[in-house]
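# Coordinate inspection notes
The residues making up each chain are set out below.
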Amino acid sequence: DRDRYKRIILRMSGQDYQSTRFRDALATQISKDFNIDIQEYQPALLFLNGENWGVYNLREKINARFVSESLEGGNESAIDLIQGHKTVESGSAKPYLEFWQNLKRLAPNTEAFRTMVDTSIDVQNFLNFHIAQIYLVNLDYRGNIRFWREAPHGKLRWIMYDTDYAFGKNLNANRNFLAMRLSPVATAYHNPPWSTYPLRRLMEDSMYRHEFILQSC
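For the structure given in this document, a descriptive report is provided here. (Residues numbered from 1 in each chain as written. Predicted model: local features only at pLDDT ≥ 70, side-chain atom pairs only at ≥ 80, totals over all residues. Heavy atoms only, no water.)

## Quick notes on the sheet that holds strand β2 (residues 37-38)
Strand order across the open sheet formed by 5 strands is β2-β8-β7-β5-β6, with mixed pairing between neighbours. Here the strands that pair on one side only, and so sit at the sheet edges, are β2 and β6 (87-90). Bridging between strand β5 (residues 79-83) and strand β7 (residues 146-150) involves 5 bridges; their strand directions are antiparallel. Paired with I79 across the strands is E150, a residue of β7. (Pairing = 2+ DSSP bridges. Helix = DSSP H or I, 4+ residues; strand = E, 2+ residues; numbered from the N terminus.)

## Side note on the pattern of salt bridges
In the structure shown here, the tally under the stated rule is 16 salt bridges. Between R11 and D24 there is a salt bridge, with the nearest N and O atoms lying 3.0 Å from each other. One end of the pair, R11, is in strand β1 (residues 8-11); the other, D24, is in helix α1 (residues 23-31), and 13 residues separate them in sequence. Salt bridges here are not isolated pairs; linked through shared partners, they connect R11, D24, R59, D162 and D164. (Salt bridge = Lys/Arg side-chain N within 4 Å of Asp/Glu carboxyl O.)

## So, the packing of helix α4 (residues 111-120) against helix α8 (residues 206-216)
Helix packing geometry: the angle between the two helix axes and the distance between the axes. The geometry of α4 relative to α8 is characterised by a closest axis approach of 10 Å and an angle of 50° between their N-to-C directions. With respect to α8, the axis of α4 lies oblique. Contacts between α4 and α8 involve F113, R114, V117 and D118 on the former and, on the latter, S206, M207 and Y208. Here the contact of α4 with α8 is composed, by residue class, of 4 nonpolar, 1 polar and 2 charged. (Axes fitted to C-alpha atoms, helices over the stretch in contact; angles between N-to-C directions. Parallel < 35°, antiparallel > 145°, perpendicular 65-115°, else oblique. Contact = heavy atoms within 4.5 Å. Nonpolar A, V, L, I, M, F, W, Y, C, P; charged D, E, K, R; others polar.)

Here it is in structure tokens:
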């Protein structure tokens, strides 16, 4: 556990600020025992000039230092940290772009495809990240994703954060969110094809699909 921080975030819980104010913290804390990287959480009373502004959420700031120290991800200067599709926050997006290109180039259910996947990403982390987001019905995770690795040979791992839309906040229980996340075409603002492609591609491979089903159960 860390006892010193250079930067922390004080959050009001985003879109959940008028409701529970801890939806995001609950979703990520539930998920952390499933090999999913998260920001730790501490509720805090905020006082400004002696005036009580209520309960806020202290969160770790996601950056290379966070990955290095909180996630024990290795040397801070060697961290590749990418947000969304390919926005670089630290290091380089090259490993992710190569993974993406190889997903398209190689055929699922082949040794070459499986070797590429297994050496590029932490498969259990990737599958559990998507399973948790789907179970939590977190609409907003289309671009609210970050993944990292320690260069030059680390595997990409996904970080869960910004889950203020979790627990079906903006989606009725009768809607099939799993089907939305596996759709090859956009059916809503939150599932453009680029955001669903890596999971869809792995689901074309019988081994990864089987693992996804077992983990989901």
